[in-house]
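Residues per chain, in single letters:
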Amino acid sequence: MKKIGFSLLNICKIAFAYVGTVVGAGFASGQEVLRFFTVYGQKSIWAIILSALIFIYVGKRILLLGKDIDAASISDINKKIFSFISPVVTGYMVIAMVIICTAMMAGSGALFEEYLGVDGQIGILITSFLAIIVMFFGMEGILSVNTIIVPVLIIFNVIIFVASFFNAGAPNVSHNAAGFIKASTGNIIKSGLSYSAFNIILSAGVLAPMGREIKNPKILAAGGILGGAILGAMLLGSNYCLMINIPYIYNYEMPMLFIIKKVGSITSNFYSVILWGSIFTTLIANLFTVVSIVRKKVNFPSLVIALIVLGCGYILSFLGFSDIVSIFYPILGLIGIIFITVIVFI
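Residues numbered from 1 in each chain as written. Predicted model: local features only at pLDDT ≥ 70, side-chain atom pairs only at ≥ 80, totals over all residues. Heavy atoms only, no water.

K.L.:
Help me understand the environment of Leu-8 in this model?
P.N.:
Note on placement: Leu-8 falls in helix H1 (residues 2-22). What makes Leu-8 partly exposed here is its relative accessible area of 49%. Along the primary structure Leu-8 and Gly-205 are separated by 197 residues, whereas in three dimensions their C-alpha atoms are 23 Å apart. (Helix = DSSP H or I, 4+ residues; strand = E, 2+ residues; numbered from the N terminus. Buried < 20%, exposed > 50% of the residue type's maximum accessible area, 1.4 Å probe, protein only.)

K.L.:
How should the pattern of salt bridges be read in this particular structure?
P.N.:
Should their charged atoms come close, side chains of opposite charge can pair. The full count for this structure, using the stated rule, is five salt bridges. Notably, a salt bridge pairs Asp-68 with Lys-67, separated by 3.1 Å at the nearest N-O pair. Through salt bridges with shared partners, one network takes in Asp-70, Arg-212 and Lys-215. (Salt bridge = Lys/Arg side-chain N within 4 Å of Asp/Glu carboxyl O.)

K.L.:
Would you take a moment to explain the environment of Lys-262 for this structure?
P.N.:
Locating Lys-262 in the fold gives a position in helix H11 (residues 255-263). Once the C-alpha coordinates of Lys-262 and Ile-160 are considered, the two residues, 102 residues apart in sequence, prove to be 9.9 Å apart.

K.L.:
Help me understand the nonpolar core, please; the structure alone is not making it clear to me.
P.N.:
For soluble globular proteins, nonpolar side chains are generally found buried alongside one another. Counting 113 residues, the largest nonpolar core has Ile-62, Ile-77, Ile-200, Met-210, Leu-287, Leu-332 and Phe-339 as the members making the most contacts within it. For this core, the element with the most residues is helix H12 (residues 265-297), which contributes 13 residues. Ignoring sequence-local partners within four residues, the contact set of Phe-339 consists of Ile-62, Ile-74, Ile-77, Asn-78, Ile-81, Phe-82, Ile-200, Ile-201 and Ala-204. (Core = buried A, V, L, I, M, F, W, Y, C linked by side-chain atoms within 4.5 Å. Contact = heavy atoms within 4.5 Å.)

K.L.:
Please explain the packing of aromatic side chains as it appears in this structure.
P.N.:
What describes a pair of aromatic rings is the distance from one ring centre to the other and the angle between the planes of the rings. As enumerated under the stated definition, the model contains 13 aromatic pairs in all. Taking 6.3 Å as the distance between ring centres and 80° as the angle between the ring planes, the aromatic pair formed by Tyr-18 and Phe-55 counts as edge-to-face. Linking Tyr-18 in helix H1 with Phe-55 in helix H4 (residues 44-68), this pair joins segments that are 37 residues apart in sequence. For the residue pair Tyr-18 and Phe-55, the accessibility class agrees, reading buried in each case. Seen from their ring centres, Phe-37 and Tyr-195 are 5.1 Å apart, and the 70° between their planes marks the pair as edge-to-face. Of this pair, Phe-37 sits in the loop between helix H3 (31-36) and H4 while Tyr-195 sits in helix H9 (residues 185-213), and the two are 158 residues apart along the sequence. Taken individually, Phe-37 and Tyr-195 each receive the classification buried, so the pair is uniform in this respect. Feature note: the residues Tyr-18, Phe-36, Phe-37, Phe-55 and Tyr-195 constitute an aromatic cluster, connected by ring pairs. (Phe/Tyr/Trp six-rings, centres within 6.5 Å; stacked < 30°, edge-to-face > 60°.)

K.L.:
Explain helix H6 (residues 86-116) here, please?
P.N.:
Since the α-helix packs 3.6 residues into each turn, any two residues three or four apart lie on the same face. Taking 1.5 Å of rise per residue, 31 residues should cover 45 Å, and H6 covers 43 Å from first to last C-alpha, within 8% of that figure. Just downstream of H6, Gly-117 is the residue with a positive phi angle, here 70°. (Expected span 1.5 Å × (residues − 1).)

K.L.:
Any chance you could explain helix H5 (residues 74-82) here in plain terms?
P.N.:
Counting buried residues along H5, seven of its nine residues qualify, which places the element largely inside the surrounding structure. Residues Ile-74, Ser-75, Asp-76, Ile-77, Asn-78, Ile-81 and Phe-82 constitute the buried set of H5. Positive backbone phi, at 55°, marks Ser-83, one or two positions downstream of H5.

All we've got here are geometric facts, nothing functional implied.
Shown next, in the form of structure tokens:
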């Protein structure tokens, strides 16, 4: 019985770490789900199912491949997938993830300033300090933090879904309804594939070395399947909440905030905690990936590399990043599509 409990705990840790790398600020705000899925109305469900199936299968494959090749970082898997151009791909991923870390740091600062009335720079420093503590514990730190934060994100998602369902019932998702876009089958496939590809390439940096840490293939496979299934369920729940509020949510930078305010003031206040948790799990996942890649190339301690990355992110957070991010994200998504296509066949 003790062995079963230990296995279940590890399965949940893997699943929550997987979910934590995907469910970032974009998901929590509702913008990602709205842009990739909700705008297509009823057909969005098929795009989400496609994404969920990709998350389940590819997530499991990355974990098992990480175990098989004893991957210390995503660069080891990149060598197998991208061959002689893998150094270019890995280098690009490092730059992109440093930019994502910067965006998360800037987002945490804005959150502290808007919700707590604390200077944004203090918010960035607090978030960065906590990230350094997590890096000190390495993979165990990533697993532990996500085991705490992700269940709270899931529970919050369920509460909003249940409240929205009983308040509104079935949404008007016909293509004639105002605010929905009529999409072809090709659009649906492209949307589901693009969303999963971009997020998998970010989560792979944590999943690959996780396979090296937890050697049991059954636990790894179950963790990948559970994580992908949870992501699918969360996407469906958020998509429903957004659909019943089309077209009103188009006027909001954070569509979920509009929905949460309708549920109640207590939930609205708690939303800031959810947003910060989403930002933090994304930050530590990308920071861990960069550290694990760079550590193989230079003889620096992990904490020193993490401090350098966060220092660069702190300086860059003073600049405008919307244009840079808009350039780097699509290319990262393209790498993700190649990544998941190849990994299916190896």
